[in-house]
4 protein chains.
Amino acid sequence: MMVTTAGEQKSVAVLGASGYGGVEFLRLVAGHPNLEVAYCGGHTSAGERLGDLYPHLPAPLGDTVLGGLDVEAAAEAADILVFCLPHAAGTDMIAQAYDLGKMVVDFSADYRLKNVEDYEAYYSVTHTHPELLQTAVYGLPELHRAEIAATRFIAVPGCYPTSVILGFAPAVKSGIIDTGLLIADSKSGVSGAGRGATLTTHFSEVTESFSAYKVASHRHTPEMDQELGGLAAGDSALQVTFVPHLVPQIRGILSTCYGVLKSDMSVADVHEVYSEFYADEPFVNVHPLGKLPATKYVTGTNRCDIGVAVDPRTRRLVAVAVIDNLTKGLAGAAVQCINLACGWAETTGLPTIPCWP
Amino acid sequence: MMVTTAGEQKSVAVLGASGYGGVEFLRLVAGHPNLEVAYCGGHTSAGERLGDLYPHLPAPLGDTVLGGLDVEAAAEAADILVFCLPHAAGTDMIAQAYDLGKMVVDFSADYRLKNVEDYEAYYSVTHTHPELLQTAVYGLPELHRAEIAATRFIAVPGCYPTSVILGFAPAVKSGIIDTGLLIADSKSGVSGAGRGATLTTHFSEVTESFSAYKVASHRHTPEMDQELGGLAAGDSALQVTFVPHLVPQIRGILSTCYGVLKSDMSVADVHEVYSEFYADEPFVNVHPLGKLPATKYVTGTNRCDIGVAVDPRTRRLVAVAVIDNLTKGLAGAAVQCINLACGWAETTGLPTIPCWP
Amino acid sequence: MMVTTAGEQKSVAVLGASGYGGVEFLRLVAGHPNLEVAYCGGHTSAGERLGDLYPHLPAPLGDTVLGGLDVEAAAEAADILVFCLPHAAGTDMIAQAYDLGKMVVDFSADYRLKNVEDYEAYYSVTHTHPELLQTAVYGLPELHRAEIAATRFIAVPGCYPTSVILGFAPAVKSGIIDTGLLIADSKSGVSGAGRGATLTTHFSEVTESFSAYKVASHRHTPEMDQELGGLAAGDSALQVTFVPHLVPQIRGILSTCYGVLKSDMSVADVHEVYSEFYADEPFVNVHPLGKLPATKYVTGTNRCDIGVAVDPRTRRLVAVAVIDNLTKGLAGAAVQCINLACGWAETTGLPTIPCWP
Amino acid sequence: MMVTTAGEQKSVAVLGASGYGGVEFLRLVAGHPNLEVAYCGGHTSAGERLGDLYPHLPAPLGDTVLGGLDVEAAAEAADILVFCLPHAAGTDMIAQAYDLGKMVVDFSADYRLKNVEDYEAYYSVTHTHPELLQTAVYGLPELHRAEIAATRFIAVPGCYPTSVILGFAPAVKSGIIDTGLLIADSKSGVSGAGRGATLTTHFSEVTESFSAYKVASHRHTPEMDQELGGLAAGDSALQVTFVPHLVPQIRGILSTCYGVLKSDMSVADVHEVYSEFYADEPFVNVHPLGKLPATKYVTGTNRCDIGVAVDPRTRRLVAVAVIDNLTKGLAGAAVQCINLACGWAETTGLPTIPCWP
């Protein structure tokens, strides 16, 4: 039984609709009682039918013809403008949309980092609108719910950071671990690399293989430092060692988060810290003591499932957090934030039960 | 934007809730505005929490404790009794439920075949309620919509037959192919074999492998003969050569259906026959001329996508039909039939857009 | 225990070494006691280290630097020139190498078809050396062993045709089936599409999906007609309906071959026809009555495994043939032919036992 | 070109031939010029044809009929007895075979640990032959080459420990990292779980999923402590935090090994430490500076490929080591040790080039 909230309708424009993030967002909008698509735009895909780009999309959605990356047209057509573009590609358009008074949702990294130096160092580009960095809200409701509810400018978090921040947050906030020794060993499905066809996304090269990449140099690292550092009450020195890996599966991220407990704590004690921290969260699911989640538990849903363990020999905390990188890690988080910013029930239109198997 | 029909609520009891068919049905019910789960029962799983059997199921569904395979308790609790049991295991229970005046939906083969000899020959068991075979309606709305709307006893078709019958139906009904030379070469994902752990479902044995099995002897064959024979206007001699194969993927069936055209027809002519036949069907999607569907187009949805081609050299018709074996091939078909039998919009609560990728 | 034949050494030059066919050939040469690599050449890859293109290749092979597609340099360096180039790209080079008196092995379709019209129609290109079409030998030892042993110009068969021809050959040659009604429903792993990065080879698009393509129009069709037509004693009208499919696995082809038996035969009779036909073949393995092979049985080996079944209701013969598309379907066949043409034991250096699982 | 050493023949008996370890060993023996199989034995599989258990095995190997787990018969037939049995199942048989004067190779954990308390604590069983623990040699040639060459009792290391020990060894031995803070985050393909059919190895449950298990409690942990502790010159306190994960692929282990550098070192410095340590190793391949290996690079081979990185912000060393869990992680290591113990070239009969793709 699904209960739907009645209520107002808002329309969305999706700029960059032809990528995996855009298509996942369209799927969620199709199941959302308060949202409807008013405009789809693309760059190289302008003028094409969605159904030709994505033949799995039936009519009428498949019959939508993409317009250009035209902010004015999008703003004319829609209440909410969602930008699903690579970093730097949409920086100016987003500022323009915000100036037009629209609600703006950005899937890229452009407005996530408060410190413009971090952005420019990690992304090797000059930020053209640094004045908006303090305006945009980091769209992780579990840490910034009130700010999201009060904004019309949402920077959707990166997929890896979502899993790592949620995996460490209770331990960092409660002060039970040494913030100087955080390691996040993350594993992501191939969809995180997008729809571009390269050797890295080539079936025959990736299948039956597992690899690490961008060790300690991935662009998602400063988001983890910023958000966990914020939780650690001004511990600006907090720096996560972050190592991403590629898993031969389509969707899903699992982050294994390692910390050193400051004092002897049982796994039951740690489990209680986590359970309390997330007690009221509609999408974070702390598994029972002794149980750990798999990525498949959350495929296609907006959930983040977490399990905790302790190595008493080395006083090591191990938290395992899983998300679907395209849902809770991207388009689902966007919908969750839109729900909050529009004053709707936070869970509206967001799946929590995956297909199984 | 999702539009939901307001209206009455009905409750369902799921007997055999711990198999893949049952769990898929529970997923669909969770998204259905008019249905709610009132009872879950199992055999060996009686007494267990659903969330222990399927840790991907969050509360409150995961907290459901299974009862036994108790028809009286189920009938007391629910309006509709859904049986997700192996063939022969539920024959008597289903008859009992029908006698109690309940709406009955059977996932097994027990009440699909009108000819009891076929059932007993293919399933090597004596049917204990042959008197009900003419009462049950074969739950393929595309062929039996009116009967389904008027019944309270639905035999859900087999997964392979759904794809093969829908793949051949326009050609057989219109008489453009020789009914004496039908070949269905079908390929199914591993979920069709259920949750039982055997070498046939063992990851390391199945991955990176493709195989044929039960060549020309699979139990789903007589369903194809019955339904396509019915379409062929009394061609009781129609016999499909059916060869199933196992694909290393979880969900999805693709059936390649071969027939010999009686006269020279272009592929455009054939395409028109198919397009017209399915013009009003909400879940059958004939792809544009020259396009063929892939199984992934319909994963998790209730759709059947079809493409057609012709080999002019050999006057051969080739129709390609894809379904999700657990949705349109099982639990989704059940919901579609329940919608019809309850007088609701046929599409209520049934997904048509898959996760992509 | 591996027994190796002592004997002469021959050197090979590999033109087009950077594709999957070339790399598979290099793997086999590395395990061959009589062959060594003297030259590797490529087009866009000229000047690169093999180990940079394929980091799985250890030194010393990985340290090989590719030269250009230089026939003279290759002919200077090596006894045997192996061309692993796309069709039409090497037509002239191959003729040049043959004129230089070298043994020539061609992986492409350029010299497979005896009828130049077929080649030009299916490949949409004018053949620049049609005078050599009768000189080249179709490199399928099971049909042309004596010719291969006497030639120095080998056209390696296509991967699909190898499986389909071997699947039908005993039935066609013995005349037990109607040659007018042959259907080959083939399924191939993704490696058949090569290393080019496209949506067709994109992990996230292909995984968990199964599809048909190029129905009744694939370029491998005329090879099947030519070779099976030849077996059928001048039945120039023999035309196979050929439908290829894409399986979400890396290697392997399974072809399900359908024919109509001219008279009532038991599966045991058919099995005997196949067993006798292949009794002396070192790489063709007819499975016991009632058993069918899976593609995984032959991964990385030069085997072709075959199983047969009969649908007595429709008098249909169903033969299932599996190969590794890159080994018996390409590079392994090349080595098998080289062994024959060099007078070595036919099985020299060719694996028959796959990794399992 | 493959060069084979001429020389003496030895025969092997394989006890427990029907598991994945046994079958991988048989594959390697089939390609080994000095070894031949004289006896295969099994427990529940006694009396069966190997080809019925593993239909991918062609004759003559497939025609082998398994005997029982009969040490006397095996010792009568063969020079070398290889035990591929679960821990504790073969403890006594192994002792018996050793007493008979045979060369003994054990795939299980029974004789790996020098400290019987560790074995009994981690495996929950009383060791019946603790007096042999100091006799058996831990079969990791990279650390114990001379001992292996001088023994006839080899305890083959666990698959995870092989990757973790080789990943940490240069850093621990050279003293550049703090031995108090070692973390091994390992990922293994499903074949590590063996051929037993359970939900953990069920295709539909495992595919498209990634999970952690036995966090900080896996039985392979004390092997890592023992061997790395030994390298650390008597640092008996060395304790690795070990977290294994399950990857949806068949073969391959990747271990991400985290240590804290005692002083500021560049990645080039660390790379030199690793390169020198493994300079003469025939199977360990340190990748060039800036490159990291994937599991697929070593599938089916006896190689261990290693890459290193440094996070200068946190002074963290990250070493990534990959092996094939069934080859270098089990059966290949056994052959490597047998080669050494027999005085043959260490690389005899061991593949180093995988199938690609």
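Residues numbered from 1 in each chain as written. Chains lettered and ligands numbered in written order. Predicted model: local features only at pLDDT ≥ 70, side-chain atom pairs only at ≥ 80, totals over all residues.

Peer 1: What am I meant to see in the overall build of chain A here?
Peer 2: Summing up its helical and strand segments, chain A has 11 helices and 13 strands in all. For chain A, whose C-alpha radius of gyration is 20 Å, the value lies close to the compact-globule estimate of 21 Å for 357 residues. Along the first, second and third principal axes, the C-alpha atoms of chain A reach 60 × 45 × 45 Å. Burial status across chain A gives 60% buried among its 357 residues. Sequence separation of at least 24 residues holds for 71% of the intrachain contacts in chain A that already meet a minimum separation of 6. (Helix = DSSP H or I, 4+ residues; strand = E, 2+ residues; numbered from the N terminus. Rg over C-alpha atoms; globule rule 2.2 N^0.38 Å. Buried ≥ 20, exposed ≤ 12 C-beta atoms within 10 Å, placed from the backbone. Contact = placed C-beta atoms within 7 Å.)

Peer 1: Please clarify how the relation of the copies chain C and chain A should be interpreted in this entry.
Peer 2: Copy one and copy two of the chain differ by a rotation about an axis and a translation along that axis. Structural alignment of chain C on chain A gives an RMSD of 0.0 Å, achieved by rotating through 180 degrees and translating 0.0 Å along the axis. The superposition of one copy onto the other is thereby described by a two-fold rotation axis. Among all C-alpha atoms of chain C, that of F203 of chain C lies closest to the rotation axis, at 2.0 Å. When the interface residues of chain C are mapped onto chain A, 100% of them again lie at the interface, so the same face is used by both copies. (Least-squares fit on C-alpha atoms with pLDDT ≥ 70 in both.)

Peer 1: Would you mind going over the interface of chain C and chain B with me for this structure?
Peer 2: Interfaces are frequently sized by the accessible area removed from exposure as the parts join. Taken residue by residue, the interface counts 37 residues in chain C and 37 residues in chain B. Looking at the side of chain C that touches chain B, the elements with two or more residues in it are β7 (183-188), α8 (203-206), β8 (211-212), β9 (241-246), β10 (253-260), β12 (304-311) and β13 (316-323) of chain C. A breakdown of the residues in the side of chain C that touches chain B according to their chemical character gives 18 nonpolar, 11 polar and eight charged. (Nonpolar A, V, L, I, M, F, W, Y, C, P; charged D, E, K, R; others polar.)

Peer 1: What exactly am I supposed to notice about unusual backbone geometry here?
Peer 2: Phi is mostly negative for residues that are not glycine, and the peptide bonds are mostly trans. Geometrically, the link from A59 of chain A to P60 of chain A is a cis peptide bond, its omega value of 5 degrees lying close to zero. Its location among the elements puts P60 of chain A in the loop between α2 (50-53) and α3 (71-77). With an omega of 0 degrees, the peptide bond between W356 of chain D and P357 of chain D qualifies as cis. Residue position: P357 of chain D is located in the segment after α11 (327-342). Despite not being glycine, A216 of chain D has its phi angle at roughly 55 degrees, a positive value.

Peer 1: Explanation requested: helix α9 (residues 221-231) of chain A in the structure shown.
Peer 2: Residue and element names in this part refer to chain A. Among the 11 residues of α9, eight are classified as buried, and the element is accordingly described as predominantly covered. Buried within α9 are the following residues: T221, P222, E223, M224, D225, E227, L228 and L231. Summarising the contacts, the buried residues of α9 are in contact with α5 (116-123), β5 (137-138), α6 (141-149), α7 (159-174), β7 (183-188) and β9 (241-246). Positive phi appears at A233, one or two residues downstream of α9, with a value of about 60 degrees.

Peer 1: Would you take a moment to explain the sheet that holds strand β11 (residues 284-286) of chain A for this structure?
Peer 2: Strands belonging to one sheet form pairs held by backbone hydrogen bonds; the direction of such a pair is parallel or antiparallel. Residues and elements named next belong to chain A. Spatially, the seven strands line up as an open sheet ordered β8-β9-β7-β10-β13-β12-β11, and their pairing is mixed. Both outer strands of the open sheet, β8 (211-212) and β11, are each paired with one neighbouring strand and no more. As paired elements, β8 and β9 share two bridges and run antiparallel to each other. Its bridge partner being in β9, A212 is matched across the sheet by H245. (Pairing = 2+ DSSP bridges.)

Peer 1: Whenever I open this one, α11 of chain D confuses me. Can you help?
Peer 2: Think of an α-helix as turning once every 3.6 residues; residues three or four places apart then point the same way. Residues and elements named next belong to chain D. The first and last C-alpha atoms of α11 sit only 19 Å apart over 16 residues, clearly below the 22 Å expected at 1.5 Å per residue. Residue A333 marks the point of greatest curvature in α11, where the axis turns by about 45 degrees. Counting buried residues in α11 gives 15 out of 16 residues, a clear majority hidden from the surface. Backbone geometry just after α11 places G343 at a positive phi near 80 degrees. (Expected span 1.5 Å × (residues − 1). Bend = angle between axes of the 7 residues up to and from the residue.)

Peer 1: Honestly, the interface of chain C and chain A in this entry has me stumped. Any pointers?
Peer 2: Counting from both sides, the interface comprises 13 residues of chain C and, opposite them, 13 residues of chain A. Among the residues making up the side of chain C that touches chain A, the classes are represented as six nonpolar, six polar and one charged.

Peer 1: Would you take a moment to explain the packing of helix α6 (residues 141-149) of chain B against helix α11 (residues 327-342) of chain B for this structure?
Peer 2: The relative placement of two packed helices is expressed as an angle between their axes plus a distance between the axes. Residue and element names in this part refer to chain B. Viewed as axis vectors pointing N to C, α6 and α11 meet at an angle of 35 degrees, and their least axial separation amounts to 8 Å. Seen along the crossing, α6 lies across α11 with a hand that is right-handed. In contact with P141, R145, I148 and A149 of α6, α11 contributes Q336, C337, L340 and A341. Within the contact of α6 with α11, the residues separate by chemical class into six nonpolar, one polar and one charged. (Axes fitted to C-alpha atoms, helices over the stretch in contact; angles between N-to-C directions. Left-handed = near helix turned anticlockwise from the far one by under 90°.)

Peer 1: Sorry, what's going on with the domain arrangement of chain A here?
Peer 2: All names here are of chain A. Split into domains, chain A comes out as domain 1 (10-157 + 328-342) and domain 2 (160-325). The centre of domain 1, based on its C-alpha atoms, is set 25 Å off from the matching centre of domain 2. In this complex, domain 1 contributes 20 residues to the contact, which on the side of domain 2 involves 24 residues. Put simply, the parts of the chain that give the side of domain 1 that touches domain 2 at least two residues each are α5, α6 and α11 (327-342). (Domains from an automatic or database assignment.)

Peer 1: Looking at this model, I keep getting lost on the sheet that holds strand β2 (residues 35-41) of chain B. Mind explaining?
Peer 2: Residues and elements named next belong to chain B. Taken in spatial order, the six strands line up as β2-β1-β3-β4-β6-β5 in an open sheet, and their pairing is parallel. Whereas interior strands pair on both sides, the edge strands pair on one side only; in this sheet they are β2 and β5 (137-138). Bridge analysis of strand β1 (residues 10-15) against strand β3 (residues 80-83) gives four bridges, and the strand direction is parallel. Each bridged residue has a counterpart across the sheet, and for V14 the counterpart in β3 is V82. Sitting on the sheet, α11 is in contact with β1, β3, β4 (103-106) and β6 (153-155), with an inclination near 160 degrees to β4.

Peer 1: Teacher, can you tell me more about the packing of helix α1 (residues 20-30) of chain C against helix α11 (residues 327-342) of chain C here?
Peer 2: All names here are of chain C. Their axes nearest at 9 Å, the elements α1 and α11 cross at an angle of 50 degrees. Relative to α11, the element α1 is oriented oblique. Handedness of the crossing formed by α1 with α11: right-handed. On α11, the residues that touch G21, E24, F25 and L28 of α1 are T327, L330, A331, G332, A334 and V335. Among the residues forming the contact of α1 with α11, the class breakdown is six nonpolar, three polar and one charged. (Parallel < 35°, antiparallel > 145°, perpendicular 65-115°, else oblique.)

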